[in-house]
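Tertiary structure, described
Each chain is listed here by its residues.
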Amino acid sequence: MDPIKASLLKKSRAAKSETRGKLLSLFCISLIVFIVLAIFYFVASKGLATFFHDKVNLGRFLTQSSWNPSLKDSHGRPEVGALPMILGSFGVTFLAALLATPFAIGAGIFMTEISPKRGEKILQPVMELLVGIPSVVYGFIGLSVIVPAVRTVFGGSGFGILAGTCVLFVMILPTVTSMTVDALKSVPRYYREASLALGATRWQTTWKVVLRAATPGILTGVVFGMARAFGEALAVQMVIGNAALLPHNLITPASTLTSVLTMGIGNTVMGSLANNALWSLALLLLLMSLMFNLLVRLIGRKGAISR
Amino acid sequence: GCQSKQNGQSVTAVGSSALQPLIEALAEEYSAQHSGQFINVQGGGSGTGLSQIQEGAVQMGNSDLFAEEKAGIKADQLVDHKVAVVGITPVVNKQLGVKNLTLTQLAQIFSGEITNWKQVGGPNQAVVIINRAQGSGTRTTFEQWVMKKRKTKPAQEQDSTGMVRSIVANTPGAISYLAFSYVDKTVATLKLDGIAPTDANVVKNAWPIWSYEHVYTKGQPTGLTKKFLAYVLSDEVQNKQVGKMGYIPVSQMQVERSVTGTITKVK
Amino acid sequence: MDAKKWDKIATGVLTAIAGFIVLLLASLLGYILVRGLPHVTWGFLTKPSQTFTKGGGIGIQLFNSFYLLLLSMIISVPLSIGAGIYLAEYAPKNWVTNVIRTAIEVLSSLPSVVVGLFGFLVFVIQFKFGFSILAGALVLTVFNLPLLTRNVEDALKSIHFTQREAGLALGLSRYETVKHVIIPEALPNIITGMILGAGRVFGEAAALIYTAGQSAPVLDFTNWNPANISSPLNPMRPAETLAVHIWKINSEGIMPDASAVSAGASAVLIIAVLLFNWLARVIGKHVYRKMTAS
Amino acid sequence: MVNKIIESSDVHLFYGKNEALKDINIDFNENEITALIGPSGCGKSTYLRCLNRMNDLIDSAKVTGKFLLNGQDIYAPEMDTVKLRKEVGMVFQQPNPFPFSIYDNVVYGLRLAGVKDHRILDEAVESSLKQAAVWDDVKDKLHESALSLSGGQQQRVCIARVLAVKPKVILMDEPTSALDPISSAKIENMLLELRQQYTIIMVTHNMHQASRISDKTAFFLQGELIEYAPTKKIFLNPSEKQTEDYISGRFG
Amino acid sequence: MVNKIIESSDVHLFYGKNEALKDINIDFNENEITALIGPSGCGKSTYLRCLNRMNDLIDSAKVTGKFLLNGQDIYAPEMDTVKLRKEVGMVFQQPNPFPFSIYDNVVYGLRLAGVKDHRILDEAVESSLKQAAVWDDVKDKLHESALSLSGGQQQRVCIARVLAVKPKVILMDEPTSALDPISSAKIENMLLELRQQYTIIMVTHNMHQASRISDKTAFFLQGELIEYAPTKKIFLNPSEKQTEDYISGRFG
Amino acid sequence: MRRLFEDELNDLHVRFSEMGMMVNEAIYKSVKAFINHDKQLAHEVIDDDYKINERETDLERKSFELIALQQPVSTDLRIIVTIMKASSDLERMGDHAVSIAKSTIRVKGNTRVPDIEKDIADMAEKVKTMVEEVLDAYVKEDRKRALTIAKEDVAINAYSDNIYDDCIQEMQRDSETVVGSMDYMLVASYLERIGDYVTNICEWIIYLRTGKVVELNSNAKEDDF
Amino acid sequence: MRRLFEDELNDLHVRFSEMGMMVNEAIYKSVKAFINHDKQLAHEVIDDDYKINERETDLERKSFELIALQQPVSTDLRIIVTIMKASSDLERMGDHAVSIAKSTIRVKGNTRVPDIEKDIADMAEKVKTMVEEVLDAYVKEDRKRALTIAKEDVAINAYSDNIYDDCIQEMQRDSETVVGSMDYMLVASYLERIGDYVTNICEWIIYLRTGKVVELNSNAKEDDF
Ligand SMILES: Nc1ncnc2c1ncn2[C@@H]1O[C@H](COP(=O)(O)OP(=O)(O)OP(=O)(O)O)[C@@H](O)[C@H]1O
Ligand SMILES: Nc1ncnc2c1ncn2[C@@H]1O[C@H](COP(=O)(O)OP(=O)(O)OP(=O)(O)O)[C@@H](O)[C@H]1O
Ligand SMILES: [Mg+2]
Ligand SMILES: [Mg+2]
Ligand SMILES: O=P([O-])([O-])[O-]
């Protein structure tokens with residue numbers, strides 16, 4: 001009995017490696033957290049400088065519609081109204097999500113309910129490829145195909161929210177679709193069987209049970225898609241026209257937070273108001289990203305199917 | 001960075017997209033002639049060039065503007081090297097057919113007072129303004145000499161010259177402006193008050209929309225930077241490559257423009 | 001009978017949607033490849049690019065892309081695995097962990113421009129790396145870490161808890177269980193995620209414009225001394241990647257064959273991404289088979 | 001009088017090339033509980049799922065043989081599977097309430113059938129839940145999620161959901177194997193009550209369960225029907241050695 | 001001579017504020033099989049997992065009371081849980097072989113302990129698999145994936161994996177509840193053999209299983225230990241009404 | 001809960017109690033017939049015996065079924081086992097009643113001994129009471145009463161010994177009474193046996209209550225001589 | 001498979017067979033003692049009876065345990081039930097052996113009737129054979145033999161009737177023999193009862209084989225008078 005006692009009490013090799021492993025992984029996560037914090041700090045410090053250092057009024061920043069950081073208006077206040085960009089960003093994001101959702105759900109249902117085999121063989125890789133296509137390429141195609149197409153169909157320059165929406169639609173479709181598929185797949189098989197066994201057709205089953213059970217998952221996918229659309233820069237910038245104007249229709253040039261940010265950052269001097277104002281836009285983006293994430297969490301928590 | 005001799009040397013120039021092609025070409029040529037010595041050239045815009053040279057992040061900051069003109073730049077720390085002059089011309093879509101505008105008309109177009117080409121004798125076609133990004137050297141120069149104190153109408157913006165050119169080329173009724181070095185067959189240039197956008201007119205200041213191309217260094221250049229700038233400013237380069245690339249050697253200018261815009265004839 | 005008719009109609013509509021999406025991709029790919037492939041030649045793939053004259057290639061950009069990818073994966077893979085392990089295995093269930101997770105999520109959906117600008121401020125300027133591969137790799141790491149971490153965490157979490165219990169109950173430490181049981185089991189998923197992440201990095205442009213730079217000085221492919229400025233391995237040299245190149249040609253390109261180069265480069269980029277996807281599948285499957293039927 | 005409600009004869013079923021059912025012949029009497037027992041993989045579930053054509057969903061499954069429900073060919077081309085499945089309800093191993101309220105779960109089948117009248121629905125909910133012996137547990141929270149119930153209650157709600165569409169026959173595939181003994185006992189008792197109105201065919205791994213509540217027991221082995229007889233006979237004096245070995249746990 | 005191998009007294013366990021175990025006192029004798037029975041959620045698993053400190057993994061769980069293994073305090077701060085868990089092995093409800101070969105599964109613990117000698121490993125594999133009564137099933141495919149086995153075989157391989165590290169005590173949490181009766185019977189028989197060398201503590205939902213193979217039975221109800229006595233007594237003549245009601249399925 | 005099993009168990013219980021009544025009645029009738037020389041009543045007892053036998057078989061069958069199909073444990077199992085075992089005892093008691101009835105038929109026409117008959121009647125009364133009591137104790141599962149009843153068996157044995165001695169004396173005194181006394185003797189031994197079976201049932205009642213198999217009548221044998 | 005249960009079942013079976021031997025031996029010894037007036041042997045039988053009783057209790061307890069703990073069905077259950085029921089029969093046979101032994105002790109010193117004693121010896125031999133045979137049939141689960149053995153009970157009953165008549169005659173003839181004849185009479189009835197129990201065991205053998213509860217000795221009563 002005593003050797004057991006003794007051996008039980010000696011610290012094992014395993015216990016030591018445990019400590020080491022835990023420290024190692026803790027180090028990694030700490031580093032990531034540090035990076036995240038650093039980014040937050042940089043963006044926030046620069047973005048907030050607009051308000052604290054340059055004394056721009058936050059309310060005006062969010063509600064004014066003229067963006068001319070280098071100029072001053074009649075009252076000597078810098079013209080930093082981000083409203084057009086905010087509206088533009090939301091516009092393209094919501095429209096793209098609105099367009100992508102039915103397609104994503106349709107494709108998702110096709111892949112999980114109608115023809116899982118073909119879904120797996122064809123649609124799945126298609127989605128993965130769509131995700132893989134770099135955004136420069138999307139921008140390039142948007143510029144050379146969608147903008148002229150919009151121009152021919154609707155007139156105008158072709159640049160605008162519509163073109164941006166089209167590009168973003170394709171870009172977020174795979175994200176939304178793959179999350180929709182995940183959500184549909186995670187609806188337990190027995191829901192379907194139960195419904196069919198109660199005398200429902202496949203469509204009734206899908207519509208009344210499967211989709212309903214998958215709704216939180218699908219919504220999460222849509223929000224994720226929106227987050228991606230909101231943060232997308234290059235492709236949108238290439239097709240939206242980048243006019244800091246309040247958008248009043250879909251086919252005149254507009255701008256998004258990201259497009260103004262990418263465009264302007266190189267032409268401003270660090271520390272200047274113009275530069276800080278751009279960082280404020282970045283901060284706004286960051287906050288939006290945070291909001292989307294919280295939204296996803298909320299949906300996830302509310303809609304969690306136990307088991 | 002300053003690498004040791006046998007591992008080569010490199011310096012970086014950043015900034016103005018208007019100047020970028022010239023410096024890039026010269027850098028390539030210089031490297032070809034001096035093995036192990038590299039000049040990296042980045043675009044990014046005049047703002048970037050000025051702010052980075054000020055930060056000391058790079059060895060050369062390219063700009064279309066005088067450092068003094070840019071808010072937030074402490075010009076006294078920087079040394080200006082005017083390496084060329086470039087003219088800027090309004091360009092329109094080729095299908096438009098308008099060949100000539102007065103300077104006022106041009107200003108009215110960009111300020112939004114003229115919205116249809118028929119107001120200036122062109123076809124019944126809405127004007128589509130394409131601007132460069134705010135703060136870009138080209139735009140600042142254009143606005144300084146065309147718009148005077150007029151306010152530019154918010155309109156479509158692009159942050160790169162190439163993009164502006166292709167949009168003008170593809171969009172009916174489009175008008176924008178380009179550095180001479182970017183002008184090609186896809187777009188049509190406009191005469192202003194009957195004066196054509198040519199180097200000859202720039203040299204005489206008959207064509208008023210032009211700017212110096214500056215390379216700024218922080219303090220006096222040293223080492224490779226110094227050698228490279230010497231190379232750029234050498235007569236051989238100034239007389240051959242600069243012209244060929246669509247720029248005008250500073251030495252050929254018959255006028256000189258100061259930071260404040262005052263023109264003096266060169267003796 | 002009404003229900004049945006609806007069933008038929010719905011099936012039709014859904015099939016049409018699926019078809020449309022496939023067509024969409026086909027036409028996208030078709031467009032890129034048809035426009036681009038004719039320009040893709042061996043010379044195009046190997047020659048350096050030209051700024052003013054015709055006939056430039058994308059050799060250096062291609063190399064840069066891979067090198068940058070390699071560097072950033074070398075940094076981010078171990079980090080993300082470590083962090084993923086922490087989150088999946090050790091993280092206590094409390095608000096701190098929640099905040100960390102949210103922060104990482106936020107970072108992963110942050111626009112890459114912002115990450116690029118951050119990299120520019122920190123690595124290029126603050127750390128005085130200048131426009132360099134190193135700065136690019138670091139910023140790509142920042143850009144990719146959240147997604148990879150999440151991928152690792154998900155992969156680890158998808159291993160049933162019974163496996164963990166089995167390991168622990170056998171008298172393995174938690175770390176040994178993870179190292180010897182959970183990671184091998186999750187490896188196929190981790191690898192798939194890594195390769196897909198690599199694909200994403202490969203196509204990233206916005207974050208690199210301000211960090212790795214937009215110039216591709218000619219490299220001396222006979223010099224493999226990483227300290228030499230013309231060496232392909234030098235991490236301190238600026239390096240334009242393929243994606244950045246495409247972006248640049250489209251915005252500033254003044255070479256006469258700009259559109260052809262852009263189309264060709266796009267095609268090459270797409271093919272590379274296709275390759276990554278295909279690799280992800282094949283390797284994932286292979287590893288899985290090897291793992292389970294050893 | 002004993003009425004045959006389902007007759008099946010010469011049933012063979014192939015999954016691809018693998019013959020999962022070999023010449024099965026069983027007739028089921030009305031208002032009886034029949035238990036299908038046998039070791040894992042012997043084809044119990046497969047056979048059960050033939051009876052409401054759930055196997056139609058599996059592409060590789062090929063069924064031959066005759067199945068009659070009240071004399072009507074189940075596999076006739078003109079048979080409407082949707083209607084068939086209303087006649088022949090099914091309850092599964094995992095309690096699988098839909099993620100709706102208890103009420104919505106129970107009226108699901110009726111709503112599908114187009115019933116909209118609230119009075120009828122309310123009545124159906126109450127009577128089905130009562131039959132399923134879960135009314136007292138849930139009557140105060142009909143509009144809460146069915147997922148908030150315990151496993152045993154969920155399973156009874158699932159049974160109520162099937163009862164609501166008034167099937168003739170109820171198929172059950174190991175309805176209590178995911179539940180603890182007490183919940184199982186409740187369901188067993190409920191089944192004994194239901195027998196008065198329904199015909200119940202039940203797969204179970206639990207021989208004691210079969211012995212406790214079934215009238216007839218069918219013993220399957222490797223796709224064959226070894227013995228089909230009154231439960232008493234099976235458990236007191238089976239004709240086949242294999243049956244005896246299986247029920248006394250003396251196999252393999 | 002009967003030796004107490006594990007003693008536990010005054011055990012309380014809280015999950016947050018919820019008291020899952022209320023003053024449990026049980027001692028386990030060497031070379032006996034003890035069954036823990038009781039309705040779902042009564043705390044059987046929770047108690048079992050106290051014995052090898054698997055509950056340490058649950059942040060919200062707070063244990064108080066005394067646990068002795070061979071007189072040594074299990075919850076002493078200097079106790080090395082890794083070693084403890086080698087002494088007190090555990091088998092789970094779901095067969096959980098690692099996705100390696102059968103051989104690698106069985107030698108897993110030994111390899112980690114640093115054993116490299118092939119002869120020793122081979123011997124350990126053979127003897128453990130024999131003890132676990134699965135040697136004949138797998139001896140020709142030791143290097144195939146353990147996942148390719150049937151559930152019952154997998155579970156026996158998992159038991160072999162535990163046996164290979166030569167624990168003193170084996171904890172089992174419903175080791176057969178995921179298996180069919182035949183596989184269960186095989187495992188039950190194996191346990192009766194193992195009893196000669198090991199002390200087995202087993203949670204089971206199946207009262208018949210408890211009655212068939214255990215020497216002692218502990219009946220839990222809502223976190224309390226209602227009765228702990230020789231299995232014969234529990235099933236023939238329990239002292240407590242609640243025990244009687246539970247084992248005769250007459251509860252709730 | 002478990003209604004069906006509970007119902008069946010209850011049914012079994014009721015049918016067992018019924019069997020007890022039937023046996024009790026048979027004993028009562030047979031003794032009455034013996035005392036009153038009522039040949040017809042005796043025949044009735046013999047004729048009705050098949051019912052008791054059938055009931056026993058029936059109870060046995062049902063018990064096996066319940067055990068096989070319901071896997072009872074603890075009290076439930078004890079109830080069934082008790083019925084299964086005690087029904088044999090009852091059946092044997094019935095057999096003894098038949099034997100008494102047969103003696104009645106046989107004894108007819110022989111010389112009679114009123115004293116002994118009186119003793120037998122008393123003894124029979126006593127036994128009948130015991131049987132009734134034990135049935136009551138069974139229904140009430142009354143362990144204490146079962147113990148008391150078992151003790152009463154001593155009295156029955158004493159009766160039996162008494163009657164044995166009287167019969168011997170009588171037979172020796174008057175050989176005419178041999179056949180009759182022999183029957184008295186036998187009837188007394190039957191009654192004594194019935195008493196033993198009552199004791200057995202008492203044992204089962206104790207088993208039912210405590211789960212302990214006890215031996216109450218072992219001493220009953222010792223003081224037999 | 002199911003080794004433990006199988007072991008226990010086998011053990012039960014063996015111990016039951018042993019009990020059979022013990023009972024058989026008790027019967028043999030008691031009859032031998034009776035014939036040889038061997039008071040000591042008779043005492044031995046009486047003294048050993050507790051073993052039989054204990055064995056019965058033991059078998060019962062074990063049977064209950066097996067039923068409660070192992071939930072046997074079908075054949076296994078029948079084996080246990082058979083043992084549970086038949087052990088009572090064996091125990092009763094043992095009791096009757098004790099009764100015979102008691103008669104032996106009692107009969108000593110009285111006048112004897114060699115003819116009747118001869119008959120009793122024959123009858124005892126027959127019964128002993130039957131007991132041996134039935135035990136053998138039980139071990140071999142031989143249903144046919146069980147039936148044959150049950151039929152032999154008729155012969156035993158005939159012996160019993162014979163001895164009864166002889167005793168009556170003898171007692172009437174010579175009142176000296178009353179006590180002795182009475183004992184002959186009783187011993188014969190004990191032997192007859194043992195025969196009945198053998199028949200019972202035959203019924204159990206049939207049940208064991210077929211699962212059917214049958215009644216083999218019902219007619220045995222009818223031809224009793
Ligand atoms: N969809 C399927 N495709 C191919 N083979 C199948 C399929 N479903 C079941 N089988 C096979 O058919 C046989 C019978 O399976 P079935 O599910 O009917 O068994 P079961 O008796 O219900 O077993 P269990 O008790 O484990 O539920 C098995 O060998 C199984 O492997
Ligand atoms: N990780 C946990 N956190 C909080 N409560 C828990 C946790 N695990 C179990 N419980 C609660 O503790 C109680 C006992 O649970 P335990 O799992 O021990 O029950 P059990 O007897 O094993 O039940 P089952 O038979 O369903 O396995 C239950 O009420 C359960 O809800
Ligand atoms: Mg099944
Ligand atoms: Mg548990
Ligand atoms: O040359 P710019 O890019 O500053 O216009």
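Residues numbered from 1 in each chain as written. Chains lettered and ligands numbered in written order. Predicted model: local features only at pLDDT ≥ 70, side-chain atom pairs only at ≥ 80, totals over all residues. Heavy atoms only, no water.

The name given to chain D in an unreviewed UniProt entry is Phosphate ABC transporter (ATP-binding protein), with the source organism recorded as Latilactobacillus fuchuensis.

Counting its secondary structure elements, chain D contains 10 helices and 10 strands. Its C-alpha atoms give chain D a radius of gyration of 18 Å, near enough to 18 Å, the size a compact globule of 252 residues would have. Considered along the principal axes of its C-alpha atoms, chain D spans approximately 55 × 45 × 40 Å. Relative to its full complement of 252 residues, chain D shows a buried share of 62%. In chain D, the share of contacts with a sequence separation of at least 24, taken over all contacts with a separation of at least 6, comes to 66%. With the model as given, the accessible surface of chain D reaches about 9,500 Å², and the carbon-plus-sulfur share is 47%. Averaging the locations of the 29 positively and 33 negatively charged side chains of chain D gives two centres separated by 1 Å. (Helix = DSSP H or I, 4+ residues; strand = E, 2+ residues; numbered from the N terminus. Rg over C-alpha atoms; globule rule 2.2 N^0.38 Å. Buried < 20%, exposed > 50% of the residue type's maximum accessible area, 1.4 Å probe, protein only. Contact = heavy atoms within 4.5 Å. Areas by Shrake-Rupley, 256 points an atom, 1.4 Å probe, with all protein chains shown as cover. Lys, Arg positive; Asp, Glu negative; His and termini not counted. Charge placed at Lys NZ, Arg CZ, Asp CG, Glu CD.)

Here we come to the side chain of Asp89 of chain G. By the element assignment, Asp89 of chain G lies in helix 3 (residues 74-107). For Asp89 of chain G, a relative accessible area of 3% gives the class buried. At a separation of 2.4 Å, a polar atom in the side chain of Asp89 of chain G contacts the side chain of Arg92 of chain F. At a separation of 3.4 Å, a polar atom in the side chain of Asp89 of chain G contacts the side chain of Asn200 of chain G. Residues in contact with Asp89 of chain G, not counting those within four places in the same chain, are Arg92 of chain F together with Tyr197, Asn200, Ile201 and Trp204 of chain G. (Polar contact = N/O pair within 3.5 Å; in protein donor to acceptor, adjacent residues only side chain to side chain.)

The next thing to look at is the interface of chain D and chain F. In this complex, chain D contributes 13 residues to the contact, which on the side of chain F involves 10 residues. Each partner contributes to the roughly 1,100 Å² buried at the junction of chain D and chain F, and carbon and sulfur atoms together form 60% of this total. Where chain D packs against chain F, one counts 1 salt bridge. Linking Glu65 of chain F and Lys232 of chain D is a salt bridge whose minimum nitrogen-to-oxygen distance equals 3.2 Å. At the junction of chain D and chain F, the tally comes to 5 residue pairs in polar contact (both at pLDDT 80 or more). Breaking the side of chain D that touches chain F down by element, the ones donating at least two residues are helix 7 (181-194), helix 8 (207-213) and helix 9 (231-236) of chain D. In terms of residues, the side of chain D that touches chain F owes the most to one element, helix 7 of chain D, which gives 5 residues. For the side of chain D that touches chain F, the class distribution of residues is 4 nonpolar, 4 polar and 5 charged. (Buried area = accessible area lost by both parts, 1.4 Å probe. Salt bridge = Lys/Arg side-chain N within 4 Å of Asp/Glu carboxyl O. Nonpolar A, V, L, I, M, F, W, Y, C, P; charged D, E, K, R; others polar.)

In this section: the sheet that holds strand 8 (residues 199-203) of chain D. All names here are of chain D. Read across the sheet, 6 strands follow the order 6-7-8-3-9-10 without closing on themselves; strand pairing throughout is mixed. Lying at the two open borders of the sheet, with one neighbouring strand each, are strand 6 (88-91) and strand 10 (224-230). Put simply, the sheet's adjacent strands are angled 15° from each other on average, direction ignored. Where strand 7 (residues 169-173) meets strand 8, 5 bridges bridge the pair, whose relative direction is parallel. Bridge pairing links Ile170 to Ile200 in strand 8. (Pairing = 2+ DSSP bridges. Axes fitted to C-alpha atoms, helices over the stretch in contact; angles between N-to-C directions.)

All names here are of chain B. Within the structure, ligand 5 sits among Ser16, Ser17, Ala18, Gly45, Ser46, Asp64, Arg132, Ser136, Gly137 and Thr138. In this structure, an oxygen atom belonging to ligand 5 sits 2.9 Å away from a side-chain N or O atom of Ser16. In the environment of ligand 5, an oxygen atom lies 3.1 Å from a nitrogen or oxygen atom belonging to the side chain of Arg132. Taken by itself ligand 5 offers 200 Å² of open surface, and the protein chains cover 100% of this. Classifying every residue of the shell around ligand 5 gives 1 nonpolar, 7 polar and 2 charged. (Near = heavy atom within 4 Å.)

To continue, consider the site of ligand 2. Residues and elements named next belong to chain E. Close to ligand 2 lie Tyr15, Ala20, Ser40, Gly41, Cys42, Gly43, Lys44, Ser45, Thr46, Ile58, Glu174 and His205. Here a nitrogen atom of ligand 2 and a side-chain polar atom of Tyr15 are 3.5 Å apart. At 3 residues, helix 1 (residues 44-51) tops the list of elements feeding residues into the shell around ligand 2. Tallied by class, the residues present in the shell around ligand 2 amount to 4 nonpolar, 6 polar and 2 charged.

Attention now moves to the sheet that holds strand 10 (residues 224-230) of chain E. One key point about sheets: their strands pair by backbone hydrogen bonds, in either a parallel or an antiparallel sense. Residue and element names in this part refer to chain E. The mixed open sheet is built from 6 strands, whose spatial order is 6-7-8-3-9-10. Each edge of the open sheet carries a strand with a single partner, namely strand 6 (88-91) and strand 10. Geometrically, the sheet is characterised by an average inter-axis angle of 15° between neighbouring strands, direction not taken into account. The pairing of strand 3 (residues 33-37) with strand 8 (residues 199-203) spans 4 bridges and is parallel. The residue of strand 8 that forms the bridge with Thr34 is Ile201. Its contacts with the sheet place helix 7 (residues 181-194) against strand 3, strand 7 (169-173) and strand 8, and it is angled at close to 150° to strand 8.

This part is about the packing of aromatic side chains. As enumerated under the stated definition, the model contains 58 aromatic pairs over all chains in all. Ring geometry for Tyr207 of chain F versus Phe64 of chain G: centroids 4.7 Å apart, planes at 45°, classification tilted. With Tyr207 of chain F in helix 6 (residues 178-210) and Phe64 of chain G in helix 2 (residues 39-70), this pair bridges two chains. Judged on exposure class, the residue Tyr207 of chain F and its partner Phe64 of chain G are both buried. Taken together, Tyr41 and Phe42 of chain A together with Phe118, Phe123, Phe127 and Phe129 of chain C form an aromatic cluster joined through their ring pairs. (Phe/Tyr/Trp six-rings, centres within 6.5 Å; stacked < 30°, edge-to-face > 60°.)

Okay, the arrangement of the chains next. Counting contacts across all 13 pairs of chains that touch, the top-ranked interface belongs to chains A and C. Taking C-alpha atoms as the reference, chain B and chain E come no closer than 49 Å and do not contact one another.

Turning our attention to the packing of helix 8 (residues 189-197) of chain A against helix 9 (residues 202-231) of chain A. Residue and element names in this part refer to chain A. It is the contact of helix 8 with helix 9, at a shortest axis distance of 9 Å, that shows an interaxial angle of 140°. Classed by the angle they form, the pair helix 8 and helix 9 counts as oblique. Judged by the twist between their axes, the crossing of helix 8 over helix 9 is right-handed. Facing Tyr191, Arg192, Ser195 and Leu196 of helix 8, the residues of helix 9 in contact are Arg202, Thr205, Val209, Val210 and Ala213. Classifying every residue of the contact of helix 8 with helix 9 by side-chain character gives 5 nonpolar, 2 polar and 2 charged. (Parallel < 35°, antiparallel > 145°, perpendicular 65-115°, else oblique. Left-handed = near helix turned anticlockwise from the far one by under 90°.)

Taken together, the contact pairs 76 residues of chain A with 73 residues of chain C. Summed over both sides, the interface of chain A with chain C buries roughly 6,500 Å², with 80% coming from carbon and sulfur. Taken together, chain A and chain C are joined by 0 salt bridges. No other element matches helix 2 (residues 13-52) of chain A, which puts 22 residues into the side of chain A that touches chain C. For the side of chain A that touches chain C, a count of residues per class yields 54 nonpolar, 15 polar and 7 charged.

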